[in-house]
Protein chains: 2
Amino acid sequence: MALIVQKFGGTSVGTVERIEQVADKVKRFHEAGDQIVVVVSAMSGETNRLIGLAKQIMEQPDPRELDVMVSTGEQVTIGLLTMALLKRGVQAVSYTGSQVRILTDSAHTKARIQQIDDARIRADLKARKVVVVAGFQGVDEQGNITTLGRGGSDTTGVALAAALKADECQIYTDVDGVYTTDPRVVPQAQRLDKITFEEMLEMASLGSKVLQIRSVEFAGKYNVPLRVLHSFQEGPGTLITLDEEESMEQPIISGIAFNRDEAKLTIRGVPDTPGVAFKILGPISAANIEVDMIVQNVAHDNTTDFTFTVHRNDYQAALEILKRTGVEIGARESVGDTKIAKVSIVGVGMRSHAGVASQMFEALAKESINIQMISTSEIKVSVVIEEKYLELAVRALHTAFELDAPARGAE
Amino acid sequence: MALIVQKFGGTSVGTVERIEQVADKVKRFHEAGDQIVVVVSAMSGETNRLIGLAKQIMEQPDPRELDVMVSTGEQVTIGLLTMALLKRGVQAVSYTGSQVRILTDSAHTKARIQQIDDARIRADLKARKVVVVAGFQGVDEQGNITTLGRGGSDTTGVALAAALKADECQIYTDVDGVYTTDPRVVPQAQRLDKITFEEMLEMASLGSKVLQIRSVEFAGKYNVPLRVLHSFQEGPGTLITLDEEESMEQPIISGIAFNRDEAKLTIRGVPDTPGVAFKILGPISAANIEVDMIVQNVAHDNTTDFTFTVHRNDYQAALEILKRTGVEIGARESVGDTKIAKVSIVGVGMRSHAGVASQMFEALAKESINIQMISTSEIKVSVVIEEKYLELAVRALHTAFELDAPARGAE
């Protein structure tokens, strides 16, 4: 008998029919003898409807009152799903975040969970009840309703799984698992049976939007086994765990992530003096622009070139700031480019295998793809290339690292 | 400086525009120096939408889970109204029933208020905040969300006014007060400045649906001055108080109430033995049919006639039961009539004025209206007449008891 936390997002509970399907699924697990806690989001569209109402009154809605309103979305879903379970003869009970109680700080609309009181849920599970909990919400010390911010239902699921020491936290979504890369780009992409938290974090932050980064961090921190599954299809999904041992038997590289959302800025001919990096990036971060990759070339002739990437939405603002900085510090020129893409290979296996980066560069060279920037971490190598080569690069790397699915017979 | 509880119903907060108008009104009171607690219902249509969703899943929705869902309607309104106040520079804060806390019993969907914790509200009022409370809902000892049943927002308003010892509980609605009778029947009907709780109860139970009976009972019990006002028009409305002294100066009769919802049943030639009334009405009440007026004529020839009224919806069922009873007890015949109407004169003044009933009968006789049944209470005389004479009877009585508004100049 396992204790399982199951999280269903807004699309999975978007209609009464889908809620009935979710109830069928939950019932099957419950009948198999497992203890089940279900975390649900608001029905798709509902949160936006509520925010829309609020914005009709206040351009910038008051955060406390917005949380009071928006938290009703999940509250409706828990009632509906619990009824659907009761109708099926499954004993069930619903709780809001306040009722559980999921204690958070008081940072309305982006609160962080501090503590979960598991007494009530444990008693219900012991009585063989399915417990249905509203995701995305909590309550602060003063009894004010808080919300965790977008995607917060994943976090609720993981936090509950951690508090209850659940055997698994299952995140139901509209894909059947985590893939080696985006199947729309590489038809041979394969579903991974297993991936580590670190790999998942790198994949997620690079654009594989299956899970909220925060919930993966949380799961990793508390070692909650996380499984990504399809809401309405059967299948094992992808298990995300700490367990590196078993991953070792898997390929060195788990997946290829990519991202078209960035733009590149370069300042050339910068006098190579101490503190120059701060002089360049200080004004950028002061303007609340987040910088991703940073590359500084070795100086020659006492000047250096300095390149970094920002989100494309911030490109214009960043370029203007950089040009002003360039004049101040006597740089030769400040230029930028939005037609770039970032491609990364991710895998804990590369820790113990040398030569992964050069294997990557070789595969790209074979396709005559020029590398503009390189950045590495322990389990990831990222390169910036011209955007038009993105698909070619991803396919080449997917093949080079032997991630392609075996060819299937003609169907 | 007065402490005022203001209750706005679903129509008054039915759109964002109306919520803005309510905020304008609340702001005016607040700026005049009053301490204001506002109780709001769900936006009109929202409660039905939520119940509709629930019924898609369960024909008879689970009461606990239905309360979880339905209570979200008011929760959205409190957030919106509080934002509208904040936007106007009025310090305000919202509370759900659980947050206040409005403690109820555990009778989901028809819970009764047991206790209200006023500490939080008092502290906010002291800090010059407007407190916005979700009507219709509470929380039981175990922390389960409860609702008070339809119209429960009026009850919330009155209960809060009682707990806070408010100077007045203002119920905002779509009429500008309580009238001497329905203005659609008698154009000369006048708004009453004042009416007693008892009179209001008789008026309400007889079909003047301005206020929920339960909230009037509650207000009377705790002596909370209640005022009925129009949400979007200026005016003094109608004050409902215990205060009989001042009412004495008013006419003997406060208003004419009427009701077309009843049907009449008669059993004739019943052997006049002890216990016969129970033999007749016992099976009716066992079938959960409520009986309103009951008249038994004096016996002659050792038999008697027995007549009573029920709601028209229960007419068929009641008649079948009565016919079976008639056979059992050897009555001559059992007959019924749905084409009846009940007309009542209501007024605390009649306590100290003899002849009010005969004045009523005289007025009806003048119009040749036959009286089928008569029933009296301390502050009410009701008659049953043929339905087609209803309007004529109401107008005749309105004139006879000098309730008609003075004729206005041609406009």
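Residues numbered from 1 in each chain as written. Chains lettered and ligands numbered in written order. Predicted model: local features only at pLDDT ≥ 70, side-chain atom pairs only at ≥ 80, totals over all residues. Heavy atoms only, no water.

The next subject is the sheet that holds strand E20 (residues 380-386) of chain B. Residues and elements named next belong to chain B. A sheet is described by the order of its strands in space; here four strands give the open sequence E13-E18-E20-E19, paired in antiparallel fashion. Sheet topology places strand E13 (255-259) and strand E19 (373-377) at the edges, where each strand pairs with a single neighbour. On average, each strand axis in the sheet is tilted by 20° relative to the strand beside it, whichever way the strands run. Sheet analysis places E19 next to E20, joined by five bridges and oriented antiparallel. Pairing of Ile-374 across the sheet is with Val-383, part of E20. The sheet strands contacting helix H13 (residues 356-366) are strand E18 (340-346), E19 and E20, and the helix crosses E20 at an angle near 20°. Along the sheet face, helix H14 (residues 390-400) touches E13, E18 and E20 and points at about 10° away from the line of E18. (Pairing = 2+ DSSP bridges. Helix = DSSP H or I, 4+ residues; strand = E, 2+ residues; numbered from the N terminus. Axes fitted to C-alpha atoms, helices over the stretch in contact; angles between N-to-C directions. Contact = heavy atoms within 4.5 Å.)

Let us look at helix H6 (residues 119-126) of chain A. All names here are of chain A. Along H6, the positions that sit buried rather than exposed are Ile-121, Asp-124 and Leu-125. Projected onto a plane normal to the axis of H6, the buried residues spread over an arc of 100° and lie on a single side. Packed against the buried residues of H6 are strand E1 (3-8), strand E2 (35-40), strand E3 (92-95), helix H5 (97-100), strand E6 (130-134) and helix H7 (152-163). (Buried < 20%, exposed > 50% of the residue type's maximum accessible area, 1.4 Å probe, protein only. Arc of directions from axis to C-beta.)

What follows concerns the pattern of salt bridges. All names here are of chain A. On inspection of all chains with the given rule, the structure shows 42 salt bridges over all chains. With a shortest N-O distance of 2.9 Å, Lys-87 and Glu-20 are connected by a salt bridge. In this pair, Lys-87 sits in helix H4 (residues 72-87) while Glu-20 sits in helix H1 (residues 16-31), placing the two residues 67 residues apart along the sequence. The buried category is assigned to Glu-20, whose relative accessible area is 15%. (Salt bridge = Lys/Arg side-chain N within 4 Å of Asp/Glu carboxyl O.)

When chain B is brought onto chain A, the operation consists of a screw motion whose angular component is 180° and whose axial shift is 0.1 Å, with 0.1 Å RMSD remaining. Viewed as a symmetry operation, the transformation between the two copies matches a two-fold axis. In terms of proximity to the rotation axis, the leading residue of chain B is Thr-72 of chain B, whose C-alpha is 2.6 Å off the axis. Of the interface residues in chain B, 100% have counterparts in chain A that sit at the interface too, so the contact is made through matching surfaces. (Least-squares fit on C-alpha atoms with pLDDT ≥ 70 in both.)

UniProt tags residues 265-348 of chain A as "domain: ACT" (unreviewed entry). Between the C-alpha atoms that bound residues 265-348 of chain A there is a distance of 30 Å. The span itself is 31% helix and 40% strand. (UniProt positions renumbered as here; feature names shortened; annotations may be inferred.)

This brings us to the interface of chain B and chain A. At the interface, 41 residues of chain B touch 41 residues of chain A. In this assembly, chain B packs against chain A so that about 3200 Å² is buried in total across both faces, 64% of it on carbon and sulfur atoms. The tally of links from chain B across to chain A stands at two salt bridges. Among the salt bridges present, the one from Arg-49 of chain B reaches Glu-46 of chain A, with a minimum N-O distance of 3.8 Å. Put simply, chain B and chain A have 14 residue pairs in polar contact (both at pLDDT 80 or more) between them. Where the side of chain B that touches chain A is concerned, the elements lending two or more residues are helix H1 (16-31), helix H2 (46-57), helix H3 (63-70), helix H4 (72-87) and strand E3 (92-95) of chain B. Residue composition of the side of chain B that touches chain A, by class: 21 nonpolar, twelve polar and eight charged. (Buried area = accessible area lost by both parts, 1.4 Å probe. Polar contact = N/O pair within 3.5 Å; in protein donor to acceptor, adjacent residues only side chain to side chain. Nonpolar A, V, L, I, M, F, W, Y, C, P; charged D, E, K, R; others polar.)

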